[in-house]
Number of protein chains: 2
Amino acid sequence: MTRIGIDIGGTNIKAVLVDDRLNLLSRTTLPSLASDGPSAVIEQVHRVIESLIHKSEPTVQCIGIGAPGSVDFARGLLLHPPNFPGWDEVPLVSLIEDRWSIPVGLENDANCAALGEAYFGAGKERNTFVALTLGTGVGSGIIIDRKIHHGEKGFGGEFGHMTIDYNGPACNCGNTGCIEAYIGSGYLMRRYLETIRHSPDAFHYERAAGAADTLSPRDISNAAEAGDKTARAFLYETGALLGVAIASTTNLLDITTTIIGGGVAAAGKPLFDGVLSSARTRVLRVHRDSMEIVPAALGNDAGMFGAAMLGR
Amino acid sequence: MTRIGIDIGGTNIKAVLVDDRLNLLSRTTLPSLASDGPSAVIEQVHRVIESLIHKSEPTVQCIGIGAPGSVDFARGLLLHPPNFPGWDEVPLVSLIEDRWSIPVGLENDANCAALGEAYFGAGKERNTFVALTLGTGVGSGIIIDRKIHHGEKGFGGEFGHMTIDYNGPACNCGNTGCIEAYIGSGYLMRRYLETIRHSPDAFHYERAAGAADTLSPRDISNAAEAGDKTARAFLYETGALLGVAIASTTNLLDITTTIIGGGVAAAGKPLFDGVLSSARTRVLRVHRDSMEIVPAALGNDAGMFGAAMLGR
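Quick caveat: nothing in here was measured; it's all calculated off a predicted structure.

Thresholds, definitions, all that
Residues numbered from 1 in each chain as written. Chains lettered and ligands numbered in written order. Predicted model: local features only at pLDDT ≥ 70, side-chain atom pairs only at ≥ 80, totals over all residues. Heavy atoms only, no water. Helix = DSSP H or I, 4+ residues; strand = E, 2+ residues; numbered from the N terminus. Rg over C-alpha atoms; globule rule 2.2 N^0.38 Å. Buried < 20%, exposed > 50% of the residue type's maximum accessible area, 1.4 Å probe, protein only. Contact = heavy atoms within 4.5 Å. Areas by Shrake-Rupley, 256 points an atom, 1.4 Å probe, with all protein chains shown as cover. Lys, Arg positive; Asp, Glu negative; His and termini not counted. Charge placed at Lys NZ, Arg CZ, Asp CG, Glu CD. 1 Å grid on protein atoms, 1.4 Å probe; cavity = no way out; pocket = protein on both sides within 12 Å on 5 of 7 lines; lining within 4 Å. Points joined across faces, edges and corners; volume = space filled by probe spheres on them. Nonpolar A, V, L, I, M, F, W, Y, C, P; charged D, E, K, R; others polar. Least-squares fit on C-alpha atoms with pLDDT ≥ 70 in both. Polar contact = N/O pair within 3.5 Å; in protein donor to acceptor, adjacent residues only side chain to side chain. Axes fitted to C-alpha atoms, helices over the stretch in contact; angles between N-to-C directions. Parallel < 35°, antiparallel > 145°, perpendicular 65-115°, else oblique. Left-handed = near helix turned anticlockwise from the far one by under 90°. Pairing = 2+ DSSP bridges. Buried area = accessible area lost by both parts, 1.4 Å probe. Salt bridge = Lys/Arg side-chain N within 4 Å of Asp/Glu carboxyl O. Phe/Tyr/Trp six-rings, centres within 6.5 Å; stacked < 30°, edge-to-face > 60°. Lys NZ or Arg CZ within 6 Å of the ring centre and 35° of its normal.

Q: Just give me the short version of the overall build of chain A, but keep the residues and values in it.
A: A tally of regular secondary structure across chain A gives eleven helices and 13 strands. Over its C-alpha trace chain A gives a radius of gyration of 20 Å, about what one expects of a compact globule, namely 20 Å for 312 residues. In terms of its C-alpha atoms, chain A occupies a principal-axis envelope of roughly 60 × 50 × 35 Å. Across the 312 residues in chain A, those meeting the buried criterion constitute 60%. Considering only contacts within chain A whose residues lie at least 6 apart along the sequence, 60% involve residues at least 24 apart. Counting only carbon and sulfur atoms, one obtains 49% of the accessible surface of chain A, whose full area is about 12,800 Å². Taken together, the 26 basic and 34 acidic charged side chains of chain A have centroids lying 5 Å from each other.

Here it is, written out as structure tokens:
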């Protein structure tokens, strides 16, 4: 028996075929055609399935789909995925099941990424962890005994909207001081520009004044790697802020492994050093030695691998 | 079949006998004799069991015990309960099972209180909620699908050590800005005295200057009930701080019901108004309407009722 995992992204649809022993048999990518509306995207999903089914000797046992937006599990609906024009409520599960007569699972993409890390990546040896994705937003999947914690309405895992300072900066969500309002990539860049404006020695001092728009989180990491002390200190401090929220989560849930992935996590060592130092200092004594902060292993592939494990 | 639930407290051991339909058949209380050491306490537990077993017509099916301190579930040990001199690791489960030949369950008291509310109190109609106990510390039990979330080492539910301001006041745990460092009863009284020192109109202005030690959280509630604006505003603000941490928990876990009990919760309406207003404003839009903040229903009886449901 084999499984197909599909990750629907704003630009591409990525998919894998894996066997029962979690070996990768085949993978494929097609453009998602999101701007052409729901039926174009769904047609692309069918094409992806078709190409993988042909490569599967034994029967495909199930198809898992990860997608941005919310999921109505009871009815198999994908609800208003951001950056997908024309989608409101789409009965994705029945549309795919009716065509292929194979059971279909549907899940939010951040949760799929966490599940992918659980079975194929940094969480392989662990049953319970929180997997963070640091990007424009700060998403997470909470895996307890290898299962996704969905919460009551399926919105569990909004780690990005935990408050680390109730008087802190405004967050897009309407709250103040959410961790996302510090380290979501837009907020991160604003804080960086503010920092280097007063640091004439900083690598990006002049570019920040003249062409701030051209700077990205990647540039901060590059500067830090090239030895820029301001960039390095900024990333360490950013990690320390993230460590505050991780300590809260560890204390609340007694989950001691945090896997960190996503674009911003590419900042690497200075960021991870900041996270670990802050989280270790802040967490209850009982967790101090067992705490682990682990880089994600699968990058952008985590979602499709996780999707393959839906319904397990 | 019947069940016995026992709550070992620093002063008293309280216990109930309930039937399969969760009817209360009998209850009893004995002093815990904590200062006389472990064997005295265990002897009192045996006495409590003896008196309830005599009242049970059918066989007692199981005995549940709630106690302060940590629990080693694998080995059935109660580990260094605070305020119990002479206890280090006590094999409570085997000591009781060997004497009575009835299966024994052991659980932390805050988790038992949450379970008690789940089956007999404010959580009766709900499968999933967080139950807070506001006292010297701020404990919680996280109930997901009517089961306690233990976490990896059994320390889940340390809601009190979630950070609401990473630059906030020092907490006994070593962290800064934990919610407990604002609303744990000692910290609460310190903040209150600081507040009324500058408020000559406050009900307790003079007593705070002369006999501050005689003031307790109960006095703040009494002043608020008697119309003291300072006390009322202080309790509202205290609730608002608690609402910050509740919003974080709701966002992280998608658990929308929070049950609040414990001595400090007796402050009632101004406190609960502050909690609800703050949490509703701060939580993600998707939770705003479904959020519920509910007073605990069982008071100090929650622990023994919850203990009766262990092993279910």
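And the narrative resumes.
Q: Describe empty space enclosed by the protein, and please don't skip the residues or the numbers.
A: All names here are of chain B. One pass over the structure, following the stated rule, counts one cavity of 30 Å³ or more. In this model, the largest cavity occupies a volume close to 40 Å³. In this structure, the largest cavity is lined by Leu188, Pro217, Ile220, Ser221, Leu235, Gly263, Val264 and Ala267. At three residues, the largest contribution of residues to the lining of the largest cavity is made by helix α7 (residues 217-225). Of the residues assigned to the lining of the largest cavity, the class counts are six nonpolar, two polar and no charged.

Q: Requested: an account of unusual backbone geometry, with residues and values cited.
A: Residues and elements named next belong to chain A. In this structure, arginine 146 is a non-glycine residue whose phi angle is positive, near 65°. Mapped onto the elements, arginine 146 comes out in the loop between β10 (138-144) and β11 (147-148). A positive phi is found at aspartate 254, a non-glycine position, where the angle reads about 50°. Assignment of secondary structure puts aspartate 254 in the loop between α8 (229-253) and β12 (257-261). The class of aspartate 254 is buried, set by a relative accessible area of 0%.

Q: So what about the relation of the copies chain B and chain A? Which residues, and what values?
A: Least-squares fitting of chain B to chain A yields an RMSD of 0.0 Å, with the transformation described by 0.0 Å of translation along the axis and a rotation of 180°. On this basis, the relationship between the two copies can be described by a two-fold rotation axis. Among all C-alpha atoms of chain B, that of Asp165(B) lies closest to the rotation axis, at 1.9 Å. Same-surface contact between copies: 100% of interface residues of chain B are shared with the interface of chain A.

Q: Report on the side chain of Arg126(A), specifying residues and quantitative values.
A: Residues and elements named next belong to chain A. Examined against the element boundaries, arginine 126 turns out to sit in the loop between α3 (109-120) and β9 (129-134). A distance of 2.8 Å separates a polar atom in the side chain of arginine 126 from the backbone oxygen of alanine 122. Apart from the residues lying within four places of it in its own chain, the contact partners of arginine 126 are Arg146, Thr257, Glu292 and Val294.

Q: Tell me what's going on with the packing of helix α1 (residues 38-53) of chain A against helix α2 (residues 92-100) of chain A, and back it up with residues and numbers.
A: All names here are of chain A. For the pair α1 and α2, the least separation of the axes is 11 Å and the interaxial angle reads 40°. As the angle between them shows, α1 and α2 are arranged oblique. Crossing hand, α1 versus α2: right-handed. Of the residues in α2, those touching α1 at Ile42, Glu43, Val45, His46, Ile49, Glu50 and Ile53 are Leu92, Leu95, Ile96, Arg99 and Trp100. Looking at the contact of α1 with α2 residue by residue, the class counts come to eight nonpolar, one polar and three charged.

Q: A description of the sheet that holds strand β12 (residues 257-261) of chain B should follow, citing residues and the corresponding values.
A: Within a beta sheet, neighbouring strands are joined by backbone hydrogen bonds and run either parallel or antiparallel to one another. Residue and element names in this part refer to chain B. The strand order across the open sheet formed by five strands is β11-β10-β9-β12-β13, and the pairing between neighbours is mixed. Taken across any chain shown, the strands that pair with only one partner, and hence form the sheet edges, are β11 (147-148) and β13 (292-295). Here strand β10 (residues 138-144) runs beside β11; their pairing, made up of two bridges, is antiparallel. From the neighbouring strand, isoleucine 144 faces β11, where its bridge partner is lysine 147. The strands touched by helix α8 (residues 229-253) are β9 (129-134), β12 and β13; relative to β9, the strand with the most contacts, the crossing angle is about 155°.

Q: Tell me about the pairing of strand β2 (residues 12-19) of chain A, and name the residues and values.
A: Residues and elements named next belong to chain A. The buried count for β2 comes to seven of eight residues, which makes it a mostly enclosed element. Strand direction decides the pairing type here: strand β1 (residues 2-8) and β2, joined by seven bridges, are antiparallel. Bridge pairing in β2 places isoleucine 6 opposite alanine 15. Between β1 and β2, which follow one another and run antiparallel, lie three residues.

Q: Break down the interface of chain B and chain A for me, with residues and values.
A: Chain B puts 42 residues into the contact, and the matching count from chain A is 42 residues. Between chain B and chain A, the buried area comes to about 3,600 Å², and carbon and sulfur atoms account for 53% of it. Here chain B is connected to chain A by two salt bridges. When the shortest N-O distance is used, the salt bridge between Lys153(A) and Asp254(B) registers 3.3 Å. Where chain B touches chain A, the interface holds 32 residue pairs in polar contact (both at pLDDT 80 or more). Elements that contribute at least two residues to the side of chain B that touches chain A include exactly β10, α8 and α10 (285-288) of chain B. The leading source of residues in the side of chain B that touches chain A is α8(B), at seven residues. Within the side of chain B that touches chain A, the residues separate by chemical class into 16 nonpolar, 18 polar and eight charged.

Q: Could you give an account of the pairing of strand β3 (residues 24-31) of chain A, with specific residues and numbers?
A: Residue and element names in this part refer to chain A. Inspection of the sheet shows β2 paired to β3 by seven bridges, in the antiparallel sense. Across the sheet, residue alanine 15 finds its bridge partner in β3, namely threonine 28. Once β2 ends, the chain turns through four residues before running back antiparallel as β3, passing leucine 22 with a positive phi of about 65°.

Q: Describe in detail the packing of aromatic side chains, supporting the description with residues and values.
A: As enumerated under the stated definition, the model contains eight aromatic pairs over all chains in all. Geometrically, the ring pair formed by Tyr166(A) and Tyr182(B) is edge-to-face, given 6.3 Å between the ring centres and 80° between the ring planes. With Tyr166(A) in the loop between β11 and α4 (180-183) and Tyr182(B) in helix α4 (residues 180-183), the pair connects residues from two separate chains. You'll find Tyr166(A) and Tyr182(B) in the same group, each marked buried. Arg146(A) extends its terminal NZ or CZ atom over the ring of Tyr119(A), reaching a point 4.8 Å from the ring centre.

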